[in-house]
Amino acid sequence: MKIKDAKFLISSPNLKLCPSTNLAEFALLGRSNVGKSTFINTLTNRQKLAKTSNTPGKTRLINLFEIQSEKIPFILADLPGYGYAKVSKKEQESWQRNLEEYLLKRENLICSIQFIDARHDIQKNDILMQEWLKYNKLPCINILTKCDYISRNEIAKKIAIVEKQFNNKTLAFSSKNRIYCDEVVSYLVNLIQNN
Ligand SMILES: Nc1nc2c(ncn2[C@@H]2O[C@H](COP(=O)(O)OP(=O)(O)OP(=O)(O)O)[C@@H](O)[C@H]2O)c(=O)[nH]1
Ligand SMILES: [Mg+2]
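Before going into details, it helps to say that this report is about the structure given with it.

Criteria and cut-off values
- Residues numbered from 1 in each chain as written.
- Chains lettered and ligands numbered in written order.
- Predicted model: local features only at pLDDT ≥ 70, side-chain atom pairs only at ≥ 80, totals over all residues.
- Heavy atoms only, no water.
- Pairing = 2+ DSSP bridges.
- Helix = DSSP H or I, 4+ residues; strand = E, 2+ residues; numbered from the N terminus.
- Axes fitted to C-alpha atoms, helices over the stretch in contact; angles between N-to-C directions.
- Contact = heavy atoms within 4.5 Å.
- Near = heavy atom within 4 Å.
- Polar contact = N/O pair within 3.5 Å; in protein donor to acceptor, adjacent residues only side chain to side chain.
- 1 Å grid on protein atoms, 1.4 Å probe; cavity = no way out; pocket = protein on both sides within 12 Å on 5 of 7 lines; lining within 4 Å.
- Sits in = over half its atoms within 2 Å of the grid points.
- Nonpolar A, V, L, I, M, F, W, Y, C, P; charged D, E, K, R; others polar.
- Core = buried A, V, L, I, M, F, W, Y, C linked by side-chain atoms within 4.5 Å.
- Buried < 20%, exposed > 50% of the residue type's maximum accessible area, 1.4 Å probe, protein only.

Some words on the sheet that holds strand S6 (residues 140–145)
And step 1. Spatial ordering of the open sheet is given by S1-S3-S4-S2-S5-S6-S7, a layout of seven strands whose pairing is mixed. A strand with exactly one partner marks an edge of an open sheet, and here the two such strands are strand S1 (3–12) and strand S7 (170–172). Averaged over neighbouring strand pairs, the angle between their axes works out to 25° when direction is ignored.
And step 2. Here S1 runs beside strand S3 (residues 62–69); their pairing, made up of eight bridges, is antiparallel. Residue pairing in the sheet places Asp5 in a bridge with Gln68 of S3.
And step 3. Packing of helix H1 (residues 36–44) onto the sheet brings it into contact with S1, strand S2 (25–30), S3, strand S4 (73–78), strand S5 (109–117) and S6, and relative to S4 it is tilted by some 150°.

See the structure below:
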């Protein structure tokens, strides 16, 4: 399924300042630099919609994007990545609180998407994030980013590993190849329709 249109809605430091909406929302979680913002740009085919960078820590606020698919509109919430060492401990803790509040209380949030770099092993903070989601009974799927770096065979193997470890649906993705976009959008739209 294709994306017809997309627009930036708002940047907010916390849940309280996020506008209420009745559109289904997905939260983009994952380590800094894994490719969350790039994912939005690739899906929407708008290279500058979400700010991306080679240096980790680019996204510092909750950034909401309204996405118009062929069937149904929804929101992608681009969030700061975890595991970015250069941010002070105080700032990390404050963001952690804001993130947890957003994930627990955002009413229209239907599912999180946790991104994993296809080239690397699952990291400790990925596991901690996933354990926290499961403990709070929050649904999540995984997306394997940067699949252009590995072979088709390795992609299949990696998907099996992530699915086994986290017991979540896991999809492949790459910003260098649009073949993955259709399946991802269809999967998200299906989640909304079955919610
Ligand atoms: N080759 C390749 N590079 C990618 C892919 N996705 C992202 N990148 C690159 O990875 C870097 C980080 O991407 P971002 O989208 O800014 O990462 P992020 O997860 O939003 O990072 P934070 O905002 O720090 O949390 C950029 O240089 C992207 O071009 C991909 O699928 N393939
Ligand atoms: Mg980002």
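What about the site of ligand 1?
And step 1. What surrounds ligand 1 is a group of 22 residues, the closest being Ser32, Lys36, Thr38, Asn54 and Gly57.
And step 2. Gly35 has a polar backbone atom sitting 3.0 Å from an oxygen atom of ligand 1.
And step 3. With respect to ligand 1, the backbone of Gly81 contributes an N or O atom lying 3.0 Å from an oxygen atom.
And step 4. The pocket occupied by ligand 1, as judged from atoms lying within 2 Å of grid points, is the largest pocket.
And step 5. Counted by class, the shell around ligand 1 contains three nonpolar, 13 polar and six charged residues.

With respect to unusual backbone geometry
And step 1. In this model, Lys137 sits at a positive phi of 55°, which is unusual for a non-glycine residue.
And step 2. Within the fold, Lys137 resides in the loop between helix H3 (124–135) and S6.
And step 3. In the Ramachandran plot, Asn167 falls in the positive-phi region, its phi being about 55° despite a non-glycine side chain.
And step 4. Following the sequence through the fold, Asn167 ends up in the loop between helix H4 (152–166) and S7.

Quick look at the nonpolar core
And step 1. The biggest cluster of nonpolar side chains holds 42 residues, and the ones touching the most others in it are Phe26, Phe39, Phe74 and Leu76.
And step 2. Of all the elements, helix H5 (residues 181–193) adds the most residues to this core, at six residues.
And step 3. Not counting the four nearest positions on each side in its chain, Phe26 is found in contact with Phe74, Ile75, Leu76, Ala77, Leu109, Ile110, Cys111, Ile113, Leu188, Leu191 and Ile192.
And step 4. Counting 20 residues, the second largest nonpolar core, distinct from the first, contains Leu23, Trp95, Leu99 and Tyr102.

All quantities given are derived from atomic positions and should not be read as evidence of function.
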